[in-house]
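Architecture and fold: a report
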Amino acid sequence: MPELVNRAFRLAARPEGVPSSEHWALTTEPVPEPGEGQVCVRVLYISLDPAMRGWIADRESYVAPVQIDEVMRAIAVGEVVSSRVEGFEPGDHVSGLLGVQEYVSVDGRALTKLEGDRSQLPLRLGALGMPGMTAYFGLLDIGRPEPGQTVVVSGAAGGVGHLVGQIARIKGARSVGIAGGQEKCRYLTEDLGFDAAIDYKSENVGASLREHCPDGIDVYFDNVGGETLDAALARLARHARVVICGAISQYNNPDDIAGPKNYLALLVRHATMTGFVVTDYVSRWPEGAREMAGWLQSGELKTHEHVVKGLEGFPEALLMLFTGENSGKLVLQVAG
Ligand SMILES: NC(=O)c1ccc[n+]([C@@H]2O[C@H](COP(=O)([O-])OP(=O)(O)OC[C@H]3O[C@@H](n4cnc5c(N)ncnc54)[C@H](OP(=O)(O)O)[C@@H]3O)[C@@H](O)[C@H]2O)c1
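Heads up: these notes are all about the structure in this document. (Residues numbered from 1 in each chain as written. Predicted model: local features only at pLDDT ≥ 70, side-chain atom pairs only at ≥ 80, totals over all residues. Heavy atoms only, no water.)

So, the overall build of the protein chain
Of the regular secondary structure elements, the protein chain holds 10 helices and 15 strands. Taking 2.2 N^0.38 as the reference for a compact globule, 336 residues should give roughly 20 Å; the C-alpha atoms of the protein chain span a radius of gyration of 20 Å, in line with that estimate. If you line up the protein chain on its principal axes, its C-alpha atoms span 65 × 45 × 35 Å. In the protein chain, buried positions account for 53% of the 336 residues. Of all intrachain contacts in the protein chain linking residues separated by at least 6 positions in sequence, the fraction that spans at least 24 positions is 66%. Counting 30 positive and 43 negative side-chain charges, the protein chain places the centres of these two groups 5 Å from one another. (Helix = DSSP H or I, 4+ residues; strand = E, 2+ residues; numbered from the N terminus. Rg over C-alpha atoms; globule rule 2.2 N^0.38 Å. Buried < 20%, exposed > 50% of the residue type's maximum accessible area, 1.4 Å probe, protein only. Contact = heavy atoms within 4.5 Å. Lys, Arg positive; Asp, Glu negative; His and termini not counted. Charge placed at Lys NZ, Arg CZ, Asp CG, Glu CD.)

As structure tokens, this is what we get:
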């Protein structure tokens, strides 16, 4: 193999508040030859996820924090360059925790081989990957919407949210999205078929929920937390299910997280609120991916990947998740 050079983003310092370029170091090093049992992968697309903010905080979570000087953890898809594992050939497409970098040699057991051509790869980080499985299992297993019921999702124009509202519709429920800005709201109702959308930046969310959910909210799929969660709790229907998928409004302020003031609504409305982590469903991903692929093929489900180009743009691109500059699943294109 000719000597390859890898550029990688490593964690240089732990941020307090919003991460910025000073918290990252872009390093250059030769790519090591794959050892026995390893595969060398050229990274093509990197998934940018709100969870990355949690991974760089030094606190207990469902995964260990990224250490200082460690390559930033990221789900990614790439192409096999060389392999010392039977079943992986140069040119094969794979996914795994490949990191924010251009090349990596990893244990073949940590990789999933992907079918389909290169144009499908961003989808593998979106509707057919982790965010798609989050929307699918979070909504259907925890939210359990029934036909005719009302599903409200926050972060509705994002990677997970834009899928949640559409799956709700496919299952015969009404879907109401909460998103930032009129253009995102137009996209939800006109392009994706949501029944209604609420612009939390210009509307009173409580009043708009009363208008669009006259019989209350049966399933609230929360990606945002904070005031939006409180507004939804105030509008729950009897026996409602609240899915705590995420709370992006709180991620940059981990030492002073705003808890729900309206939690007694759970008692009054005989409701439940359940935390959900998609990795609990890994054994059922093939089932979820099969169904999502079927809906994509039939045209019932539309998906959008927001692709930003260039590894060096990683620090700024990550912030788009927190400023709302992304629409749909945010992906960093490294090569290809
Ligand atoms: N539990 C799990 O297993 C799991 C798995 C994947 C993701 N998640 C969670 O799911 C949520 C969505 O993830 P994603 O990857 O699909 O991200 P995303 O929705 O594509 O991007 C984040 C969006 O959040 C909105 N946002 C940012 N700051 C906000 C604030 N202060 N208040 C309200 N909205 C804000 C922005 O949209 P606007 O323009 O609308 O503000 C932004 O586009 C996150 O909370 C994430 O942590 C959980």
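Having seen the model, we can carry on.
A few points about the sheet that holds strand 13 (residues 272-275)
Pairing is parallel across the open sheet formed by 6 strands, whose spatial order is 10-9-8-11-12-13. This sheet does not close on itself; its edge strands, each paired only once, are strand 10 (196-199) and strand 13. For this sheet, the mean angle separating the axes of adjacent strands, direction not counted, is 15 degrees. (Pairing = 2+ DSSP bridges. Axes fitted to C-alpha atoms, helices over the stretch in contact; angles between N-to-C directions.)

Thoughts on the site of the ligand
As a matter of local geometry, the ligand sits amid 26 residues, with Val160, Lys184, Tyr200, Phe276 and Asn326 nearest to it. At 2.6 Å from an oxygen atom of the ligand is found a side-chain nitrogen or oxygen belonging to Lys184. Here Tyr200 contributes a side-chain N or O atom positioned 2.5 Å from an oxygen atom of the ligand. Relative to its free-state accessible area of 910 Å², the ligand is covered by the protein chains to the extent of 90%. Those elements giving two or more residues to the shell around the ligand turn out to be helix 3 (130-143) and helix 10 (314-323). Here the residues of the shell around the ligand are counted per class, giving 15 nonpolar, 10 polar and 1 charged. (Near = heavy atom within 4 Å. Polar contact = N/O pair within 3.5 Å; in protein donor to acceptor, adjacent residues only side chain to side chain. Areas by Shrake-Rupley, 256 points an atom, 1.4 Å probe, with all protein chains shown as cover. Nonpolar A, V, L, I, M, F, W, Y, C, P; charged D, E, K, R; others polar.)

Quick notes on the nonpolar core
Ranked by size, the top nonpolar core spans 37 residues in total, and within it Leu139, Ile167, Leu188 and Met292 carry the most contacts. When contributions to this core are tallied by element, the ones reaching two or more residues are helix 3, strand 8 (150-154), helix 4 (161-170), helix 5 (182-191), strand 11 (217-222) and helix 9 (285-298). Of the residues forming this core, the biggest block, 7 residues, is contributed by helix 3. Those residues in contact with Leu188 that lie beyond four places of it in its chain are Ala156, Ala157, Gly177, Ala179, Gly193, Phe194 and Ala197. In this structure, Phe9, Ile56, Val100 and Leu332 belong to the second largest nonpolar core, which totals 33 residues. (Core = buried A, V, L, I, M, F, W, Y, C linked by side-chain atoms within 4.5 Å.)

With respect to the side chain of Thr228
The residue Thr228 is located in helix 7 (residues 226-233) in this model. Discounting residues that sit within four places of it in the chain, Thr228 has contacts with Ser154, Ile178 and Tyr220.

Digging into the pattern of salt bridges
The tally for this structure, following the rule as stated, stands at 15 salt bridges. In this structure, the salt-bridge partner of Lys113 is Asp92, at a minimum N-O distance of 3.4 Å. You can see Lys113 sitting in strand 7 (residues 112-114) and its partner Asp92 sitting in the loop between strand 4 (75-83) and strand 5 (93-97), a full 21 residues away along the chain. Ionic contacts of the salt-bridge type, sharing partners, join the residues Glu183, Arg186, Glu190 and Asp191 into one network. (Salt bridge = Lys/Arg side-chain N within 4 Å of Asp/Glu carboxyl O.)

Let's talk about the pairing of strand 14 (residues 305-309)
When strand 14 meets strand 15 (residues 329-333), the two strands line up parallel, connected through 5 bridges. What sits directly across from Lys309, in strand 15, is Gln333. Handedness of the β-α-β unit built from strand 14, helix 10 and strand 15 comes out right-handed. (Right-handed = clockwise from strand over helix to strand, strands pointing away.)

A closer look at helix 5
Side chains three or four residues apart in an α-helix point the same way, a direct result of the helix having 3.6 residues per turn. Turning to helix 5, its buried residues are Lys184, Cys185, Tyr187 and Leu188. Looking straight down helix 5, one finds that the buried residues subtend no more than 155 degrees of arc, so they occupy a single side. Turned more than 90 degrees away from the buried face of helix 5, the exposed residues are Gln182, Glu183 and Glu190. Contacts made by the buried residues of helix 5 are with helix 4, strand 9 (174-179) and strand 10. (Arc of directions from axis to C-beta.)

Considerations on the packing of helix 3 against helix 4
Look at helix 3 against helix 4: their axes get within 9 Å of each other, and the N-to-C directions meet at 45 degrees. By the angle between their axes, helix 3 is oblique relative to helix 4. Relative to helix 4, the crossing made by helix 3 is right-handed. Judged by residue contacts, Pro131, Gly132, Ala135, Tyr136, Leu139 and Leu140 of helix 3 engage Leu163, Val164, Ile167 and Ala168 from helix 4. Within the contact of helix 3 with helix 4, the residues separate by chemical class into 9 nonpolar, 1 polar and no charged. (Parallel < 35°, antiparallel > 145°, perpendicular 65-115°, else oblique. Left-handed = near helix turned anticlockwise from the far one by under 90°.)

Interpretation note: all reported values are geometric properties and have no functional meaning in isolation.
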